[in-house]
Amino acid sequence: MSDNSATIETVRDEWKVLTDEYHTLEESHKSYVNSITEFTKLQNKCLKDINHQKYRLSQLRQSIKKCTTTTDEESQLRDDIVRQMDSRAAHVRDIRQSLPQPNGLYLNIVLGNINSTLLDSEQRFKYKEQYEMFKLVVTCVILVVSAMDLIFQSRVCDAILHFLLVWYHCTLTIRESILVVNGSRIKGWWRTLHFLTTILAGVMVVWPDGLIYNKFRVQFVCYICYSSFLQFLQYYYQYGCLYRLRALGERYDMDITIQGFHSWMWRGLGFLLPFLYFGYLFQFYNAYTLYNMYKYDPICVEWQVPVVAVLYFVIFLGNTMTTFLVIHQKLTGKSKVKPKLT
Ligand code: COA
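Just so it is clear, the model here is predicted, and its values are computed rather than measured.

Participant: Could you clarify how one ought to interpret the overall build of the protein in this entry?
Facilitator: Secondary structure summary: the protein contains nine helices and zero strands in total. In summary, the protein has a C-alpha radius of gyration of 28 Å against a globular reference of 20 Å for 342 residues, an excess of more than 25%. Overall, the protein is about 95 × 80 × 40 Å in size when its C-alpha atoms are taken along their principal axes. Relative to its full complement of 342 residues, the protein shows a buried share of 36%. Taking contacts inside the protein between residues at least 6 apart in sequence as the whole, the part at least 24 apart equals 77%. Here the protein displays about 21200 Å² of accessible surface, and carbon together with sulfur accounts for 64% of that area. For the protein, the distance from the average site of its 37 positive side-chain charges to the average site of its 30 negative ones is 11 Å.

Participant: In this structure, what is going on with the packing of helix 6 (residues 188-205) against helix 9 (residues 304-331)? I would like to understand it.
Facilitator: Each pair of packed helices can be summarised by the angle the axes make with each other and by the distance between the axes. Viewed as axis vectors pointing N to C, helix 6 and helix 9 meet at an angle of 160 degrees, and their least axial separation amounts to 10 Å. Here helix 6 is positioned roughly antiparallel relative to helix 9, judged by the angle of their axes. As helix 6 packs across helix 9, the resulting crossing turns out to be left-handed. Side by side, helix 6 and helix 9 meet where Trp 189, Trp 190, Leu 193, Leu 196, Thr 197, Ile 199, Leu 200, Val 203 and Met 204 of the first sit next to Gln 304, Val 307, Val 308, Leu 311, Tyr 312, Val 314, Ile 315, Gly 318, Asn 319, Thr 322 and Thr 323 of the second.

Participant: Can you walk me through the packing of helix 8 (residues 258-296) against helix 9 in this structure?
Facilitator: With their axes 8 Å apart at the nearest point, helix 8 and helix 9 run at an angle of 160 degrees to one another. By the criterion of interaxial angle, the relationship of helix 8 to helix 9 is roughly antiparallel. Relative to helix 9, helix 8 is oriented so that their crossing is left-handed. Along the lines of polarity and charge, the residues of the contact of helix 8 with helix 9 split into 24 nonpolar, five polar and one charged.

Participant: Help me out: how do you make sense of the pattern of salt bridges in this one?
Facilitator: Oppositely charged side chains can form a pair if their charged atoms are brought close together. Taken as a whole, this structure holds nine salt bridges when the rule is applied. The closest approach of N and O atoms between Lys 45 and Asp 49, which form a salt bridge, is 2.9 Å. Taken as a pair, Lys 45 and Asp 49 lie in helix 1 (residues 8-66) at a separation of four residues, close to a single helical turn. By relative accessible area, Lys 45 is classed as partly exposed at 47%. For the salt bridge of Arg 83 with Asp 80, the shortest nitrogen-to-oxygen distance reads 2.7 Å. With Arg 83 and Asp 80 both in helix 2 (residues 72-97) and three residues apart, this pair spans about one turn of that helix. Salt bridges sharing partners connect three or more residues here, namely Asp 149, Asp 158 and Arg 217.

Participant: Explanation requested: the layout of surface pockets in the structure shown.
Facilitator: Any empty space left between atoms is shown by rolling a water-sized probe over those atoms. What the second largest pocket holds in volume is close to 150 Å³. Taken together, His 52, Gln 53, Arg 56, Leu 57, Leu 60, Ile 81, Gln 84, Met 85 and Arg 88 make up the lining of the second largest pocket. Elements supplying a minimum of two residues to the lining of the second largest pocket: helix 1 and helix 2. Top contributing element to the lining of the second largest pocket by residue count: helix 1, with five residues. A class-by-class count of the residues in the lining of the second largest pocket yields four nonpolar, three polar and two charged.

Participant: Would you mind showing me how to read the nonpolar core here?
Facilitator: Counting 58 residues, the largest nonpolar core has Phe 220, Leu 290 and Tyr 312 as the members making the most contacts within it. Taken together, the elements giving at least two residues each to this core come down to helix 4 (121-152), helix 5 (155-181), helix 6, helix 7 (211-250), helix 8 and helix 9. Here this core gets 14 residues from one element, more than from any other, and that element is helix 7. If near-sequence neighbours (up to four positions away) are discounted, Tyr 312 is found in contact with Leu 200, Phe 216, Phe 220, Tyr 223, Gln 283, Asn 286, Ala 287 and Leu 290.

About the criteria used
- Residues numbered from 1 in each chain as written.
- Predicted model: local features only at pLDDT ≥ 70, side-chain atom pairs only at ≥ 80, totals over all residues.
- Heavy atoms only, no water.
- Helix = DSSP H or I, 4+ residues; strand = E, 2+ residues; numbered from the N terminus.
- Rg over C-alpha atoms; globule rule 2.2 N^0.38 Å.
- Buried < 20%, exposed > 50% of the residue type's maximum accessible area, 1.4 Å probe, protein only.
- Contact = heavy atoms within 4.5 Å.
- Areas by Shrake-Rupley, 256 points an atom, 1.4 Å probe, with all protein chains shown as cover.
- Lys, Arg positive; Asp, Glu negative; His and termini not counted.
- Charge placed at Lys NZ, Arg CZ, Asp CG, Glu CD.
- Axes fitted to C-alpha atoms, helices over the stretch in contact; angles between N-to-C directions.
- Parallel < 35°, antiparallel > 145°, perpendicular 65-115°, else oblique.
- Left-handed = near helix turned anticlockwise from the far one by under 90°.
- Nonpolar A, V, L, I, M, F, W, Y, C, P; charged D, E, K, R; others polar.
- Salt bridge = Lys/Arg side-chain N within 4 Å of Asp/Glu carboxyl O.
- 1 Å grid on protein atoms, 1.4 Å probe; cavity = no way out; pocket = protein on both sides within 12 Å on 5 of 7 lines; lining within 4 Å.
- Points joined across faces, edges and corners; volume = space filled by probe spheres on them.
- Core = buried A, V, L, I, M, F, W, Y, C linked by side-chain atoms within 4.5 Å.

In structure tokens, the structure reads:
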């Protein structure tokens, strides 16, 4: 029967069916609310129990230090307990990782006091994947805008590019802080770098148009093009790491092994490093050019020139040293491969 010819009885019957369905929905919602309450209770209980474990562990460690052992058996027992305590502390740390983490000052300021912990490894993986994808997409846009800026040499393109850079790096500081809350081991410098780059782009926004600005302009836009190109290479490397580490976590001894991962990683790094270090030389060259303008050019009066020079120099130093440190840690085995989804 079509809707036009519906009788009041059919409407009543359908309404009854809908009402029954609504009761089911009410039941489901009730059990959802109960589960949330139960879930929050369990979360708080786990956090409390973790604090208890930590507190008691530290007390017992103090006590065991004061214990005097006279026989071999007693020393053996003490060593055993110490070993078990170390392993317990590591397990407690792992459990803590899966529970909500404190946001930290920056996220609290930017987002307010909300919970930014993602609960399961699947969500964390997806978030990291989206972060890499976000960088890739915005990098493409930056590359297009900077290429247009080089071709058209217009102040409007300049302004769009500078605002885009401020927004992009600012957003990255937030996304990376959320990643860190969720267990990522991003080095502090890479996050600081985005803060510095945001400041740098902000200073470029307020640099007035003039002879000095125009002298540096082309070099700056070329540098942005090169760093976007670098971002593509980094994306390829980071995305590869992300998938391989996840495969390691899922199928530990099957088609991908730690050795397999290591050989892929070193090949990737071997390819990436020369490009990265060329980028760092470019940063140094930017600092050097601006320093020369500031020092020797009589028409250079803008405060932006020495500020941007110093920022480029700090960025050059930080990048060079951190990348060197990362490679050194990898070579000496201090940075451990941590499979995802554990
Ligand atoms: N930005 C954001 N996250 C980064 C990062 C970066 N530059 N470098 C590393 N990470 C992340 C990794 O993804 C990893 O995350 P996870 O714990 O969630 O898995 C974590 O930090 C630890 O990575 P690590 O093992 O220290 O290094 P890596 O092998 O992933 O990468 C480099 C090493 C050198 C390739 C990488 O740090 C890099 O590309 N550095 C250059 C960045 C740069 O110079 N940018 C400016 C260009 S002009």
